[in-house]
Amino acid sequence: MRIGVIGTGRIGTIHAHTLSRHRDVGSLILTDADPARAQALAHRLGETAAPGVDEIYTWGVDAVVITTATPAHAELIGRAARAGLPVFCEKPIALDLAGTLQAIAEVETAGTVLQMGFQRRFDAGYTGAREAVRSGRLGRLHTVRAMTSDAEPPPAGYLAQSGGLFRDTLIHDFDILRWVTGREITDVCAAGSDAGPAVFREAGDVGTGAVLLTLDDGTLAAVTATRMNGAGYDVRMELAGERDQIVVGLDDRTPIASTEPTGPPAADKPWTGFLERFAPAYEAELVAFVEVVRGERPNPCDGREALQALRIAEACELSRRERRAVRPAEIPGGQEAAFG
Ligand SMILES: NC(=O)c1ccc[n+]([C@@H]2O[C@H](COP(=O)([O-])OP(=O)(O)OC[C@H]3O[C@@H](n4cnc5c(N)ncnc54)[C@H](O)[C@@H]3O)[C@@H](O)[C@H]2O)c1
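Looking at an unreviewed UniProt entry, the protein carries the name Gfo/Idh/MocA family oxidoreductase, with the source organism given as Streptomyces sp. SID14436. In its Sequence similarities (unreviewed entry) section, the UniProt record describing the protein reads: "Belongs to the Gfo/Idh/MocA family."

(A) Here's a closer look at unusual backbone geometry. For the bond running from Lys-91 to Pro-92, omega is -15°, close enough to zero to count as cis. Relative to the helices and strands, Pro-92 is located in the loop between β5 (87-89) and α5 (97-110). Here the phi dihedral of Arg-323 falls at roughly 50°; this positive angle occurs in a residue that is not glycine. For Arg-323, the location among the structural elements is in the loop between α13 (303-322) and α14 (335-339).

(B) Here's a closer look at the site of the ligand. Inspection of the region around the ligand gives 23 residues, with Arg-10, Asp-32, Arg-37, Thr-70 and Tyr-282 positioned closest. The contact in question runs from an oxygen atom of the ligand to an N or O atom on the side chain of Tyr-282, over 2.6 Å. For the ligand, the accessible surface in isolation is 840 Å², of which the surrounding protein chains cover 83%. Taken together, the residues of the shell around the ligand break down into 8 nonpolar, 9 polar and 6 charged. A domain-level breakdown of the shell around the ligand finds at least three residues from each of domain 1 (2-112) and domain 2 (121-282 + 305-330).

(C) Main features of the UniProt feature "domain: Gfo/Idh/MocA-like oxidoreductase N-terminal" (unreviewed entry) in the protein. In the UniProt entry, the feature "domain: Gfo/Idh/MocA-like oxidoreductase N-terminal" (unreviewed entry) is given for residues 1-118. For residues 1-118, the end-to-end C-alpha separation is 23 Å, with 45% helix and 19% strand making up the annotated structure.

(D) Structural view of the environment of Ala-225. Residue placement: Ala-225 occurs in strand β10 (residues 220-226). Look at Ala-225 and you get buried, because its relative accessible area is 2%. Here the alpha-carbon distance between Ala-225 and Gly-207, two residues 18 residues apart in the chain, equals 8.2 Å. Not counting residues up to four positions away in its chain, the partners in contact with Ala-225 are Thr-148, Leu-165, Thr-169, Leu-170, Gly-207, Thr-208 and Gly-209.

(E) Focus on the side chain of His-22. Mapped onto the elements, His-22 comes out in the loop between α1 (10-20) and β2 (27-31). Among the polar contacts made by the side chain of His-22, one reaches the main-chain amide nitrogen of Asp-24 at a distance of 2.9 Å. Not counting the four nearest positions on each side in its chain, His-22 is found in contact with Val-287 and Val-290.

(F) Summary view of the UniProt feature "domain: GFO/IDH/MocA-like oxidoreductase" (unreviewed entry) in the protein. Here, UniProt's "domain: GFO/IDH/MocA-like oxidoreductase" (unreviewed entry) annotation points to residues 129-246. Taken end to end, residues 129-246 comprises 28% helix and 36% strand; its first and last C-alpha atoms sit 7 Å apart.

(G) The packing of aromatic side chains, seen in detail. For the coordinates displayed, the defined rule picks out 2 aromatic pairs. Ring geometry for Tyr-233 and Phe-278: centres 6.5 Å apart, planes at 85°, overall edge-to-face. Here Phe-278 lies in the loop between α11 (274-277) and α12 (279-293) and Tyr-233 lies in the loop between β10 and β11 (234-241), a separation of 45 residues in the sequence. Given a relative accessible area of 0%, Phe-278 falls into the buried group. Directly above the aromatic system of Trp-271 lies the positively charged group of Arg-253, at a separation of 4.1 Å from the ring centroid.

(H) Expanded view of the pattern of salt bridges. One pass over the full model with this rule turns up 29 salt bridges. A salt bridge links Arg-167 to Glu-314; the shortest N-O distance between them is 2.8 Å. With Arg-167 in helix α8 (residues 165-168) and Glu-314 in helix α13, this pair connects stretches of sequence that are 147 residues apart. Its relative accessible area of 14% is what places Glu-314 among the buried residues. Two residues, Asp-216 and Arg-183, come together in a salt bridge whose shortest N-O distance is 2.8 Å. You can see Asp-216 sitting in the loop between β9 (208-215) and β10 and its partner Arg-183 sitting in the loop between α9 (170-181) and β8 (185-193), a full 33 residues away along the chain. Take Asp-216: its relative accessible area is 39%, and that puts it in the partly exposed class. Classification of Arg-183 as partly exposed rests on a relative accessible area of 31%. A cluster of three or more residues bridged by salt bridges with shared partners is formed by Lys-91, Asp-150, Asp-168, Asp-205 and Arg-227.

Reading guide: rules and limits
- Within each chain, residues carry numbers counting from 1 in the order of the written sequence.
- Confidence filtering applies because this is a predicted model: local features only for residues at pLDDT of at least 70, side-chain atom pairs given and counted only at 80 or more, and all residues used for totals across whole chains, interfaces and linings.
- Heavy atoms throughout the structure, all of them, feed into the side-chain values; hydrogens and water do not.
- UniProt positions are given in the numbering used here, feature names are shortened, and annotations may be inferred rather than shown by experiment.
- The numbering of helices and of strands both runs from the N terminus, where a helix is a DSSP run of H or I of at least 4 residues and a strand a run of E of at least 2.
- A cutoff of 4 Å decides nearness: a residue is near a molecule or strand if any of its heavy atoms lies inside that distance of it.
- For the purposes of these results, a polar contact is taken to be a pair of N or O atoms within 3.5 Å, where, inside protein, one atom must be able to donate a hydrogen and its partner to accept one; residues adjacent in sequence count only when each atom of the pair is a side-chain atom.
- Accessible areas in this description were obtained via Shrake-Rupley with a 1.4 Å probe; residue shielding takes into account the shown protein chains only.
- Each residue is assigned to one of three groups, with Ala, Val, Leu, Ile, Met, Phe, Trp, Tyr, Cys and Pro labelled nonpolar, Asp, Glu, Lys and Arg labelled charged, and all others, Gly among them, labelled polar.
- Note that the domain bounds reflect an automated or database-derived domain assignment.
- We call a residue buried when its accessible area falls under 20% of the maximum for its residue type, exposed when it is over 50%, and partly exposed in between, using a 1.4 Å probe and counting protein chains only.
- Contacts are assigned to residue pairs that have any heavy atoms within 4.5 Å of one another.
- Think of it this way: a Phe, Tyr or Trp ring, Trp meaning its six-membered ring, pairs with another when their centres are within 6.5 Å, and the plane angle makes it stacked under 30 degrees, edge-to-face over 60, tilted otherwise.
- Here, over-ring charges are defined by two tests on the NZ atom of lysine or the CZ atom of arginine: distance to the ring centre within 6 Å, and angle to the ring normal within 35 degrees.
- Salt bridges are defined as contacts in which a side-chain nitrogen from Lys or Arg sits within 4 Å of a carboxyl oxygen from Asp or Glu.

So this is what it looks like as structure tokens:
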């Protein structure tokens with residue numbers, strides 16, 4: 001199988017490494033808006049670099065992996081779909097609902113596959129949490145607390161194209177909250193803070209955000225994110241039920257110090273970032289994609305799942321701006337408008 005990888009930045013490099021060493025992937029064609037970057041990676045991996053996206057199609061591939069900056073995703077998904085090719089794309093599909101709906105419509109019209117890169121669905125901790133909820137071990141779930149704390153802000157150039165903290169970062173928490181609990185979100189109440197480094201204000205973004213979400217079975221979830229957590233990279237989810245309570249992301253590398261005399265010691269080697277923390281999950285989602293391309297398993301995360309997560313993020317942006325609770329169902333371009 002030959003796969004085209006479009007975008008060879010931080011995440012594209014990781015995915016290209018995984019695919020290059022996969023025994024069912026014969027070769028890769030790598031391309032990037034910065035051709036020197038694609039060439040350097042191709043050289044390191046012993047793969048081929050193409051001067052542009054056109055060559056991916058003229059030279060011929062069996063599937064496409066899209067890891068460009070977010071604004072290019074929707075158009076590239078549409079192009080691959082029209083070529084009848086299965087696509088893996090990093091989250092989110094687009095920075096707005098219109099682009100998201102257009103890309104999904106192209107995929108559905110073409111009858112092709114779009115697998116989205118919500119890698120937490122392949123993380124051992126979240127998978128265990130989902131099983132615990134489903135097994136009934138926790139009893140009736142009443143509270144979920146979740147967080148994504150980046151150790152340091154991404155490059156300023158990335159921020160400007162990211163869509164902001166809710167669409168770029170918290171979207172992972174929204175997706176995994178739905179996936180672990182199996183519930184839909186009925187309303188959100190969000191706040192954001194741009195106190196701290198000017199880089200967030202300059203990008204029209206916030207550096208820290210918090211959301212209170214109500215699930216359709218009455219469970220309450222409190223979710224936070226920040227771009228600058230001095231102690232390290234911290235991604236956690238606590239689920240509390242009437243019978244038991246569990247936590248994802250608590251291990252000997254969790255960057256938090258207890259002030260209790262008998263508390264656990266602070267981590268010697270706290271997690272530094274997502275590439276390290278989620279390395280096994282990034283690999284597993286690409287291994288799954290190869291199986292999806294071969295028709296050996298169903299798609300683990302399609303475009304409609306990504307749309308739901310984006311609608312929650314959009315609802316949060318509206319809630320933050322208007323300082324009120326917002327139902328994701330209020331967001332235009334919902335199920336009815338898109339697919340009705
Ligand atoms: N799943 C995750 O945990 C995760 C983590 C980080 C980033 N991401 C997503 O991955 C995507 C890339 O993020 P990154 O951190 O690798 O960014 P990055 O800035 O490191 O890399 C993006 C690359 O895309 C290239 N590019 C931009 N537009 C292009 C186009 N039209 N055609 C070809 N190449 C183009 C840029 O030159 C750059 O090399 C984003 O959509 C981001 O949301 C996902």
